[in-house]
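Here's the letter readout for the chains.
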Amino acid sequence: MEHLTIPEGYCPPLSIRETEVAIKEVKDHFERSLAKNLHLTRVSAPLFVRPESGLNDNLNGVERPVAFGIKEQDDREVEIVHSLAKWKRYALKRYGFHSGEGLYTDMSAIRRDEDTDNLHSIYVDQWDWEKVISKEERNDETLEYTVRKVYAALKETEHYMARRYNYIGEVLPDDITFITSQELENLYPDCTPKEREYHFAKQKKAIFIKQIGKILTSGKPHDGRAPDYDDWELNGDIIVYYPVLDTALELSSMGIRVDEDALRRQLSLAGCEDRAELDFQKSLLNGELPYTVGGGIGQSRICMFYLRKAHIGEVQSSIWPSEVAEEAATGGIQLL
């Protein structure tokens with residue numbers, strides 16, 4: 001099947017029960033390391049929001065949110081979040097965070113239109129984090145500094161897990177390599193964006209591709225990004241090479257968020273100026289929200305990476321087509 005890859009001779013070294021214990025070890029250690037490196041406070045977060053609030057993440061603009069009506073509120077509709085990219089910025093102001101301070105939270109989402117495979121599930125779990133910065137800090141130096149702090153937490157967690165489990169070898173390099181999406185296109189002009197990621201990640205082992213969403217000389221962006229949270233000039237993805245599947249594995253999407261000027265420009269480029277009338281976007285355009293940097297880090301993705309699993313379903317409980325579940329079991333993949 002095109003959407004299931006089984007590595008030759010795959011045999012997971014941990015039982016399901018042992019895997020569950022290891023998952024908690026990964027999450028606990030990484031969460032502590034991330035909070036320490038970025039000075040973050042854990043907060044609670046919503047599972048659903050009202051559509052008119054403008055707080056839901058529109059992703060690439062075509063994914064349908066899961067929605068339902070609330071009985072005691074006259075079946076007024078709410079949406080399951082796709083991510084908390086916008087809510088976090090609102091929360092930083094409401095909760096009284098100041099420059100240099102930030103928050104993180106556990107985010108659960110349902111992405112009903114996801115094409116599932118070894119790396120993608122309709123259930124998404126990630127740490128969403130956000131930190132207040134000054135307007136003067138909205139620059140490339142701040143972005144790269146913050147990326148290195150996140151990467152340090154990834155490295156620390158791999159070192160910890162390698163000490164706890166002798167089958168886990170350390171594969172992350174000491175430093176992460178930065179490259180813009182345009183530079184990457186120039187390097188591999190005849191490749192698709194995913195092929196470019198694979199070739200460069202395999203060469204460097206850990207990379208940060210900058211300027212996601214920006215239109216390249218080819219006339220297309222490297223990847224889609226909603227116009228109303230990341231600044232397309234100051235964002236990117238952390239991607240590592242994953243030898244178990246011989247693939248490029250995205251662990252985090254992050255960036256400096258739009259200010260008033262960037263929001264107006266990107267809404268215009270995306271042809272969705274009407275979003276400027278939503279509550280969140282209005283607050284931003286009126287200068288009522290702090291300037292921030294933030295991102296999301298896939299919980300199941302990093303568990304899969306550190307535990308050297310072949311399928312994301314080995315570290316999270318989700319729903320898969322019956323034929324995929326059957327073939328996975330035949331290939332030694334233990335779906336939760």
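- Under an unreviewed UniProt entry, the name given to the protein chain is Aspartate--ammonia ligase, and the organism recorded is Sellimonas intestinalis.
- UniProt, in the comment section headed Pathway (unreviewed entry), describes the protein chain in these words: "Amino-acid biosynthesis; L-asparagine biosynthesis; L-asparagine from L-aspartate (ammonia route): step 1/1."
- Database annotation for the protein chain, UniProt heading Subcellular location (unreviewed entry): "Cytoplasm".

### Observations concerning the overall build of the protein chain
Then, number 1: Across its full length, the protein chain holds nine helices and eleven strands.
Then, number 2: Against the globule reference of 20 Å for 336 residues, the protein chain gives a C-alpha radius of gyration of 20 Å, in line with a compact fold.
Then, number 3: Taking the principal axes of its C-alpha atoms as reference, the protein chain extends roughly 55 × 50 × 40 Å.
Then, number 4: The 336 residues of the protein chain split such that 54% are buried.
Then, number 5: Within the protein chain, counting contacts between residues at least 6 apart in sequence, those at least 24 apart form 73% of the total.
Then, number 6: By element, 48% of the accessible surface of the protein chain is carried by carbon and sulfur atoms, the whole surface being about 15,400 Å².

### Quick notes on the nonpolar core
The nonpolar side chains of a soluble globular protein tend to be buried with one another.
Then, number 1: With 57 residues, the main nonpolar core has L34, W129, L154, M161 and I302 as its most contacted residues.
Then, number 2: Excluding residues within four positions of it along the chain, I302 makes contact with V26, F30, W127, L154, L251 and I297.
Then, number 3: With 24 residues, the next largest nonpolar core counts L55, M107, A262 and L263 among its residues.

### A short note on the environment of K155
Then, number 1: Looking at the element boundaries, K155 is found in helix α3 (residues 140-164).
Then, number 2: It is 42 Å that separates the C-alpha atoms of K155 and E277, two residues lying 122 residues apart in sequence.
Then, number 3: Residues within four places of K155 in sequence aside, it is in contact with L172, P173 and D174.
Then, number 4: Among the polar contacts listed, one links the side chain of K155 to the backbone oxygen of L172, at a separation of 3.1 Å.

### Examining the pairing of strand β5 (residues 102-110)
Two faces make up the sheet, and in a regular strand the side chains alternate between them.
Then, number 1: One ladder, built from three bridges, connects strand β1 (residues 40-42) with β5; its direction is parallel. Looking at β5, one finds that T41 is bridged to L103.
Then, number 2: Sheet topology note: the β5/strand β6 (residues 123-133) ladder contains nine bridges and is antiparallel. Its bridge partner lying in β6, L103 is registered against E130.

### Topic: helix α2 (residues 87-94)
Then, number 1: When we look at burial in α2, the residues that qualify are W87, K88, R89, A91 and L92.
Then, number 2: The inward-facing, buried residues of α2 contact β5, β6, β10 (247-257), α7 (279-285) and β11 (291-298).
Then, number 3: One or two residues past the end of α2 sits G96, with phi positive at roughly 80 degrees.

### A closer look at the packing of helix α1 (residues 16-38) against helix α8 (residues 299-306)
Then, number 1: For the pair α1 and α8, the least separation of the axes is 10 Å and the interaxial angle reads 115 degrees. The chirality of how α1 crosses α8 is right-handed. Together, I23, V26, K27 and F30 of α1 and Q299, I302, C303 and Y306 of α8 make up the contact between the two elements.

### Considerations on the sheet that holds strand β8 (residues 206-210)
Then, number 1: The strand order across the open sheet built from eight strands is β1-β5-β6-β11-β10-β9-β8-β7, with neighbouring strands paired in mixed fashion. Lying at the two open borders of the sheet, with one neighbouring strand each, are β1 and β7 (177-180). On average, adjacent strands in this sheet sit at an angle of 25 degrees to one another, irrespective of strand direction.
Then, number 2: Relative to strand β9 (residues 230-242), β8 runs antiparallel, the two sharing five bridges. Bridge pairing in β9 places A206 opposite V240.
Then, number 3: Strands in contact with α1 are β1, β5, β6 and β11; relative to β6, the strand with the most contacts, it is inclined by about 15 degrees.
Then, number 4: Where helix α6 (residues 260-270) meets the sheet, its contacts fall on β9 and β11, and the angle it forms with β9 comes to roughly 80 degrees.

About the cut-offs
- Residues numbered from 1 in each chain as written.
- Predicted model: local features only at pLDDT ≥ 70, side-chain atom pairs only at ≥ 80, totals over all residues.
- Heavy atoms only, no water.
- UniProt positions renumbered as here; feature names shortened; annotations may be inferred.
- Helix = DSSP H or I, 4+ residues; strand = E, 2+ residues; numbered from the N terminus.
- Rg over C-alpha atoms; globule rule 2.2 N^0.38 Å.
- Buried < 20%, exposed > 50% of the residue type's maximum accessible area, 1.4 Å probe, protein only.
- Contact = heavy atoms within 4.5 Å.
- Areas by Shrake-Rupley, 256 points an atom, 1.4 Å probe, with all protein chains shown as cover.
- Core = buried A, V, L, I, M, F, W, Y, C linked by side-chain atoms within 4.5 Å.
- Polar contact = N/O pair within 3.5 Å; in protein donor to acceptor, adjacent residues only side chain to side chain.
- Pairing = 2+ DSSP bridges.
- Axes fitted to C-alpha atoms, helices over the stretch in contact; angles between N-to-C directions.
- Left-handed = near helix turned anticlockwise from the far one by under 90°.

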